[in-house]
Amino acid sequence: MSLILQYRDLQYGKYVSPFHDIPIYADEAQNIFHAVVEVPRWTNAKMEIATKDPLNPLKQDIKKGNLRYVANVFPHKGYIWNYGAIPQTWEDPGHKDADTGCCGDNDPIDICDIGYKVCSRGEVIKVKVLGTLALIDEGETDWKVIVINMEDPEANNFNNIDDVRRLKPGYLEATFEWFKKYKVPDGKPENQFAFNGEFKDRDFALKTVKETHEFWKALISKKTNAGELNCTNTCVTDSPFCCSTTDAKAVVDAVSSFHLSNYLAYPTKTA
């Protein structure tokens, strides 16, 4: 099955799933990816792509009936990067990673954008992959891919994880400490990591991202059981989950006006 994405033919106002409809690649030949910003830098609300809701709007996570916020990890305020996900990727919970020994966390693969710009929630940016950190979250593999926004004036200087160490000294160490400790204020233990917390390089990260794209292809074509995930989309024309513009509008019209801003509509900031 050729999963053809008719993204360029979209008309203004067509609703899209940030999980399924936004192309993974901004420039495949150059390994430039799209990323959806879920949490802008320095903010605390744990916003995420709602993978179990139709068209997967961006929503704030709820835990025990309460909206979820991350605590400030001294000396930082909120998330220390623009945090988000690469669309059309999926960390398959049925696949045990050969390197980490753990299965995926059932979400799109996460990104940490180290560029200078504080992005907006829901913004779609073009990013260059630099490396990755393998967080083990409650026994699941949860990759954290380090990227830089291609609009950053220094983007050309960053091509691998060692460039981050050289040009932003202390940033990787702060990233490791943040992920290690951010759940501790909630009464949970420190997070664990594969590879003893070592950041893997660009080539390793690219391989990982592309592997999760293959898992997504199996998901969206119904070759893998989706479980509770909602695979409704408007653009992946070969997918059995693809719906019409009318059906997508009906999904959005059915929610309260309070939640309408959570849905993404074309055009996004990918042009």
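Right above here is the structure, for reference.
Computed from a predicted model, the values in this text were never measured in an experiment.

Asker: Is there a simple way to think about the layout of surface pockets in this case?
Answerer: One simple way to see leftover space: roll a probe sized like a water molecule over the atoms. Here the largest pocket is characterised by a volume of approximately 880 Å³. Considering the residues around the largest pocket, the lining is formed by 33 residues, among which Lys46, Glu48, Asp61, Arg68 and Asp107 are closest to the centre. Sorting the residues of the lining of the largest pocket by element identifies β4 (47-49), β5 (58-60), β6 (62-63), β8 (82-85), β11 (140-149) and α2 (171-181) as the ones contributing at least two each. Of all the elements, β11 adds the most residues to the lining of the largest pocket, at three residues. Looking at the lining of the largest pocket residue by residue, the class counts come to 11 nonpolar, three polar and 19 charged.

Asker: Help me understand the pattern of salt bridges in this model?
Answerer: A side chain with one charge may pair with a side chain of the opposite charge, provided their charged atoms come close. By the definition in use, this model includes 18 salt bridges. Between Lys183 and Asp137 there is a salt bridge, and its shortest N-O distance comes to 2.7 Å. Taken together, the residues Lys183 in the loop between α2 and β12 (192-193) and Asp137 in strand β10 (residues 124-137) connect sequence positions 46 residues apart. The same class applies to Lys183 and to Asp137, which are both buried. Between Lys181 and Glu177 there is a salt bridge; the shortest N-O distance is 3.1 Å. Here Glu177 and Lys181 lie together in helix α2, a separation of four residues that amounts to about one turn. Look at Lys181 and you get partly exposed, because its relative accessible area is 34%. On the accessibility criterion, Glu177 (30% relative accessible area) is partly exposed.

Asker: Help me out: how do you make sense of the packing of aromatic side chains in this one?
Answerer: By convention here, two paired aromatic rings are described through the distance between centres and the angle between planes. Counted according to the given criterion, the structure contains 15 aromatic pairs. Arranged with centres 5.3 Å apart and planes meeting at 85 degrees, the rings of Trp178 and Phe179 form a pair that is edge-to-face. Ring geometry for Phe195 against Phe204: centres 5.7 Å apart, planes inclined by 85 degrees, an arrangement best described as edge-to-face. Judged by relative accessible area, Phe195 falls into the partly exposed class, the value being 22%. For Phe204, a relative accessible area of 13% puts it in the buried group.

Asker: Help me understand helix α3 (residues 202-220), please; the structure alone is not making it clear to me.
Answerer: In an α-helix there are 3.6 residues to a turn, and that puts residues three or four apart on one side. The terminal C-alpha atoms of α3, which comprises 19 residues, lie 27 Å apart, in line with the 27 Å expected from a rise of 1.5 Å per residue. Buried residues along α3 sit in contact with β3 (32-39), β10 and β11. For α3, the side-chain oxygen to backbone nitrogen distance between the N-cap and Asp203 is 3.3 Å, and the N-cap itself is Asp201. One or two steps after α3, the chain reaches Lys222, where phi turns positive at roughly 70 degrees.

Procedures and definitions
Residues numbered from 1 in each chain as written. Predicted model: local features only at pLDDT ≥ 70, side-chain atom pairs only at ≥ 80, totals over all residues. Heavy atoms only, no water. 1 Å grid on protein atoms, 1.4 Å probe; cavity = no way out; pocket = protein on both sides within 12 Å on 5 of 7 lines; lining within 4 Å. Points joined across faces, edges and corners; volume = space filled by probe spheres on them. Helix = DSSP H or I, 4+ residues; strand = E, 2+ residues; numbered from the N terminus. Nonpolar A, V, L, I, M, F, W, Y, C, P; charged D, E, K, R; others polar. Salt bridge = Lys/Arg side-chain N within 4 Å of Asp/Glu carboxyl O. Buried < 20%, exposed > 50% of the residue type's maximum accessible area, 1.4 Å probe, protein only. Phe/Tyr/Trp six-rings, centres within 6.5 Å; stacked < 30°, edge-to-face > 60°. Expected span 1.5 Å × (residues − 1). Contact = heavy atoms within 4.5 Å. Polar contact = N/O pair within 3.5 Å; in protein donor to acceptor, adjacent residues only side chain to side chain.

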